[in-house]
Amino acid sequence: MSDTFASFQPGLSDVATRHFAVTPSDSTDLAVKPRAIFCKVAGDVAIRDEGGTDITYTLTQGQILPFRGVRILSTGTTATVVGWY
C-alpha cells in the first residue's frame, strides 16, 4: 500500500496509527504511552500521569480522552478502553 505521508515525522496532534488493548493494573505501567485513550464501554477510567497523580474520568462509549497517562489503574476503572499511539 502506498503511503503519501511516509516521509513525514508524526506529531502528537496527528492521527494515531497503532492501537493496543489496555489491561488495567494497580502495579504496572502501560507498555506504550498512548496519544489518547478510546472508550469502548462506558464507565470510569482511573489514570495515573507521569507525575504520579491519579484522577478518575467518567467516559461515554466512543469518547476519546486525549491524555498521555502512564498507567490505567484497576481500582476505580469500570470502563473498557484501548490506547492509541
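Our subject is the structure that appears above.
Residues numbered from 1 in each chain as written. Predicted model: local features only at pLDDT ≥ 70, side-chain atom pairs only at ≥ 80, totals over all residues. Heavy atoms only, no water.

**Student:** Explain the sheet that holds strand 4 (residues 54–59) to me, and be specific about the residues and the numbers.
**Tutor:** Judged by pairing direction, the sheet is antiparallel, and its 3 strands sit side by side in the order 4-3-6 without closing on themselves. Every other strand in the sheet has two partners, leaving strand 4 and strand 6 (71–73) as the edge strands with one partner each. Shown here is a sheet whose adjacent strand axes are inclined to one another by a mean of 35°, direction ignored. Inspection of the sheet shows strand 3 (residues 43–48) paired to strand 6 by 3 bridges, in the antiparallel sense. Looking across to strand 6, one finds that Ile-47 is bridged to Ile-72. (Pairing = 2+ DSSP bridges. Helix = DSSP H or I, 4+ residues; strand = E, 2+ residues; numbered from the N terminus. Axes fitted to C-alpha atoms, helices over the stretch in contact; angles between N-to-C directions.)

**Student:** Pulling in residues and values, what's your account of the environment of Asp-54?
**Tutor:** Relative to the helices and strands, Asp-54 is located in strand 4. With 25 residues separating them along the chain, Asp-54 and Asp-29 place their C-alpha atoms 13 Å apart. Separated by 2.6 Å, the side chains of Asp-54 and Arg-48 make a polar contact. (Polar contact = N/O pair within 3.5 Å; in protein donor to acceptor, adjacent residues only side chain to side chain.)

**Student:** A description of the pattern of salt bridges should follow, citing residues and the corresponding values.
**Tutor:** If you walk through the whole model with that rule in mind, you get 3 salt bridges. Across the salt bridge formed by Arg-71 and Asp-29, the nearest N and O atoms sit 2.9 Å from each other. Taken together, the residues Arg-71 in strand 6 and Asp-29 in the loop between strand 1 (19–21) and strand 2 (36–41) connect sequence positions 42 residues apart. The class for Asp-29 is partly exposed, based on a relative accessible area of 42%. The partner of Arg-48 in a salt bridge is Asp-54, with the nearest N and O atoms 2.6 Å apart. You can call Asp-54 partly exposed: its relative accessible area is 37%. (Salt bridge = Lys/Arg side-chain N within 4 Å of Asp/Glu carboxyl O. Buried < 20%, exposed > 50% of the residue type's maximum accessible area, 1.4 Å probe, protein only.)

**Student:** So, the environment of Ala-31: which residues are in play, and what are the values?
**Tutor:** Tracing the backbone through its elements, the reader meets Ala-31 in the loop between strand 1 and strand 2. By relative accessible area, Ala-31 is classed as exposed at 84%. Residues Ala-31 and Ile-64, spaced 33 residues apart in sequence, show a C-alpha to C-alpha distance of 20 Å.

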